[in-house]
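# Fold and geometry: a report
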Amino acid sequence: MSVTHTLEADVLRRQDPELAEILLGELDRQSTTLQLVAAENFSSPAVLAALGSPLANKYAEGYPGARYHGGCEIVDVAERLAVERAKALFGAAHANVQSHSGSSAVLAAYAALLRPGDTVLALGLPYGGHLTHGSPANFSGRWFDFVGYGVDAETGLIDYDQVRTLARGHRPKAIVCGSIAYPRHIDYARFREVADEVGAYLIADAAHPMGLVAGGAAPNPVPYADIVCATTHKVLRGPRGGMVLCGSELAERVDRAVFPFTQGGAQMHTIAAKAVAFGEAATPAFGAYAHQVVANARVLAAGLAAEGLVVTTGGTDTHLITADPAPLGVDGRTARGRLIAAGMVLDCCALPHGDARGLRLGTAAVTTQGMGQQEMARIAAWFGGVLRGEAETPSVREEVRELVGGFPPYPG
Ligand SMILES: *Cc1c(COP(=O)(O)O)cnc(C)c1O
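What you see is a predicted model, and the numbers here were worked out from it, not measured in a lab.

Parameters at a glance
Think of each chain on its own: its residues are numbered from 1, step by step along the sequence as written. Reporting in this predicted model follows two pLDDT cut-offs: at least 70 for local features of residues, and 80 or more for side-chain atom pairs to be given and counted; totals over whole chains, interfaces and linings ignore these cut-offs and use all residues. Side-chain numbers here rest on the full set of heavy atoms in the structure, without hydrogens or water. Throughout, the edges of the domains are those of an automatic or database domain assignment. Residue contacts are counted whenever heavy atoms from the two residues lie within 4.5 Å of one another. Buried area is a sum: the accessible area each of two parts loses on coming together, probed at 1.4 Å, counted once for each and added. In the sections that follow, a salt bridge refers to a side-chain nitrogen of Lys or Arg positioned within 4 Å of a carboxyl oxygen of Asp or Glu. A helix here means a DSSP run of H or I that spans at least four residues, while a strand means a run of E at least two residues long, and both kinds are numbered starting from the N terminus. Centre distance within 6.5 Å is the pairing criterion for rings of Phe, Tyr and Trp, where only the six-membered ring of Trp is used; planes under 30 degrees apart are then read as stacked, over 60 as edge-to-face, and the remainder as tilted. The rule is simple: take the accessible area with a 1.4 Å probe, protein chains only, and divide by the maximum for that residue type; under 20% is buried, over 50% is exposed, in between is partly exposed. Throughout this description, the term charge over a ring refers to an Arg CZ or Lys NZ atom that lies within 6 Å of the ring centre and within 35 degrees of the ring normal.

### Here we look at the domain arrangement of the protein chain
Interface size is commonly expressed as the accessible surface area that is lost when the partners come together. Its domain assignment divides the protein chain into domain 1 (54-281) and domain 2 (284-405). The straight-line distance from the C-alpha centre of domain 1 to that of domain 2 is 28 Å. Counting residues at the interface gives 27 residues for domain 1 and 24 residues for domain 2. Surface buried jointly by domain 1 and domain 2 totals about 2,000 Å² across both partners, of which 61% is contributed by carbon and sulfur atoms. Ranking the residues of domain 1 by area buried against domain 2 places Pro183, Arg184 and Arg237 at the top, with a combined share of 30%. The tally of links from domain 1 across to domain 2 stands at one salt bridge. Between Arg184 and Asp317 there is a salt bridge, with its nearest N and O atoms 2.9 Å apart.

Structure below.
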């Protein structure tokens, strides 16, 4: 059953037409514009079904077999299934699937390994570090002493020599690798080497690439990091949520860091949906998807470069692209506004060189819709036309609508 059908047939329509209208409006927005936000995807109808299931009613504080609430015998099976599937998918000895979000997963990793005031080395926010990597507006910046490493201003690549120098100088308790905007594979072995040299824990925040890891299209941080944090809703295509993976020696500390230290009751509908997504991600079809995501991103990056944008690092290994539109005569913010007006929805981000904002986009969602390299080439051409001011916004908007109409995220 399609989502539209579910919504239309649903009691919601009769009981709360006002909200039903909003849901249908968002479905229409998602079905008529290009979703190029790098962190987004379309989860399957099966994942959405689990999310909208009566498991949402169940209170389940604690872990399977050790709950604070009665009546957990069935949801326990769901959580065990999610845990076993996550462990098998990523080759981890232990998985905690209760984190409500990627940020909660990072909070749990810190809580498991650190004390307030500890020094942590992470990618600086101007270079693509996440809020939870030391932003003063976030708990991380308030409770820990963050030192930031950067990327090379010319190449846009992580400066591993600087990571080592800073690690030697600051002797951090933990080193964090992972980013919201890094388009290349991360050399986890190199980070492990530095962490071992200074006696630090290594935390991989693989929120973005974890779906590529599941599909065999990106290196797996699990063999190298003490703790791996991830989201389940980005390339991985599951429900909005987080997870934490680690070895057996840290299992108990991680579990206690998630519950009761940072969270209360587990969200069993989300955990069931995570199990569904892990099951989907273990299929050969998902492997093909992950590789197509990368192939599409490479074509899109090359197309943007051909249109005159400066693509950070000269391309991508992943689903993610960052680019500077300045050579076309527009800054990042203006560019984003024009592109969104033309139906291409994406973000701004910091750029490795200087203060200018660039564009950040990804191919996870459009690839789920079934788009391929031909469609990526068309998108790149629209970017060029819109940003140079050569193409009429309404006519591109119409062409975008027509293209997306051929690739409905929820057919039927
Ligand atoms: C997306 C992301 C997060 C946070 O995930 P939320 O679910 O939005 O809290 C954390 N770290 C990195 C590197 C991310 O990309």
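Having seen the structure, we can now continue with the description.
### Structural notes on unusual backbone geometry
Residue Pro260 is bonded to the preceding Phe259 through a cis peptide linkage, with omega at 10 degrees. Positive phi values are uncommon outside glycine, yet Thr313 reaches one of about 65 degrees. Along the polypeptide, Thr313 turns up in the loop between strand E11 (310-311) and strand E12 (320-324).

### Remarks on the packing of aromatic side chains
All told, the structure shown has 10 aromatic pairs when counted by the stated rule. When the ring of Tyr160 is compared with that of Phe191, the centres are 5.5 Å apart and the planes differ by 65 degrees; the resulting orientation is edge-to-face. One end of the pair, Tyr160, is in helix H8 (residues 160-170); the other, Phe191, is in helix H9 (residues 188-198), with 31 residues separating them in the sequence. Across the pair, exposure class does not vary: Tyr160 and Phe191 are buried alike. A network of ring pairs unites the aromatic residues Tyr110, Phe139, Trp143, Phe144 and Phe146 as a single cluster. The ring of Tyr289 carries Arg237 above its face, with NZ or CZ at 4.1 Å from the centroid.

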